[in-house]
Amino acid sequence: MFPSAARRSLSGLIPPKIATPSAVSSGSTSTRTQAVIDFYSKLPKGPKPASERPGGLRGRYFEGKNASGAPFLATIFILFGIGYTIDYNMHLKHHKNGHH
C-alpha cells in the first residue's frame with residue numbers, strides 16, 4: 001500500500017493536529033480552540049445504534065453481549081481434525097501393501 005493511500009484511509013481515524021499547547025493556552029476565545037471544540041463536539045457519543053451494528057457471524061459471535069472466541073477456536077480444531085484424518089488415512093494406505 002502506498003503511503004498516501006494509507007494516510008487517506010487513516011485520516012478519518014486520526015484527529016487533526018489542532019490541539020497544540022500554544023493554541024490551547026493562548027486564550028479560550030481563539031479560533032484554534034474553537035476548532036478543537038467543534039471537532040470533538042461532532043464525535044459520536046454513546047453506543048452504536050442497532051442499525052449500524054454488524055450483522056451475520058461477526059455481529060452474532062464476535063461483538064455485542066455474546067462476544068467470545070469460541071467459534072474461532074472451534075474452526076481451528078475442526079481444521080486440525082480434518083487434516084489429522086486425511087494424514088492418518090494416507091498413512092494407512094502406505095501400510096496397506098506391507099511397507100517397512
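Residues numbered from 1 in each chain as written. Predicted model: local features only at pLDDT ≥ 70, side-chain atom pairs only at ≥ 80, totals over all residues. Heavy atoms only, no water.

A. Focus on the overall build of the protein. Secondary structure assignment for the protein yields five helices and zero strands. In the protein, the order of α-helices and β-strands from amino to carboxyl end is α-α-α-α-α. The buried share among the 100 residues of the protein stands at 3%. Of the roughly 9000 Å² of accessible surface on the protein, a fraction of 64% belongs to carbon and sulfur atoms. (Helix = DSSP H or I, 4+ residues; strand = E, 2+ residues; numbered from the N terminus. Buried < 20%, exposed > 50% of the residue type's maximum accessible area, 1.4 Å probe, protein only. Areas by Shrake-Rupley, 256 points an atom, 1.4 Å probe, with all protein chains shown as cover.)

B. Summary view of the packing of aromatic side chains. Counting across every chain of the model gives three aromatic pairs. Residues F39 and Y40 carry aromatic rings whose centres are separated by 4.9 Å and whose planes lie at 85 degrees to one another, so their mutual orientation is edge-to-face. You can call F39 partly exposed: its relative accessible area is 25%. Seen from their ring centres, F80 and Y84 are 6.3 Å apart, and the 25 degrees between their planes marks the pair as stacked. Of this pair, F80 and Y84 both sit in helix 5 (residues 70-95), four residues apart, which is roughly one turn of the helix. F80 sits in the exposed class, given a relative accessible area of 58%. (Phe/Tyr/Trp six-rings, centres within 6.5 Å; stacked < 30°, edge-to-face > 60°.)

C. A nonpolar patch on the surface, seen in detail. Nonpolar side chains collect at one region of the surface, where L57, Y61, F62, F72, L73, I76 and F77 lie side by side and expose about 740 Å² of accessible area between them. Where the nonpolar patch is concerned, the elements lending two or more residues are helix 4 (56-62) and helix 5. Broken down by element, the nonpolar patch gets its largest block of residues, four residues, from helix 5. By the secondary structure assignment, Y61 is in helix 4. (Patch = residues over 30% accessible without salt bridge, like charges linked within 9 Å, V, L, I, M, F, W, Y side chains within 5 Å. Salt bridge = Lys/Arg side-chain N within 4 Å of Asp/Glu carboxyl O.)

D. Representation of the confidence of the model for the protein. When pLDDT is averaged along the protein, the result is 76; 68% of the residues meet or exceed 70. Mean pLDDT values for the elements of the protein range from 61 in helix 2 (residues 21-25) up to 91 in helix 5. (pLDDT = per-residue confidence, 0-100.)

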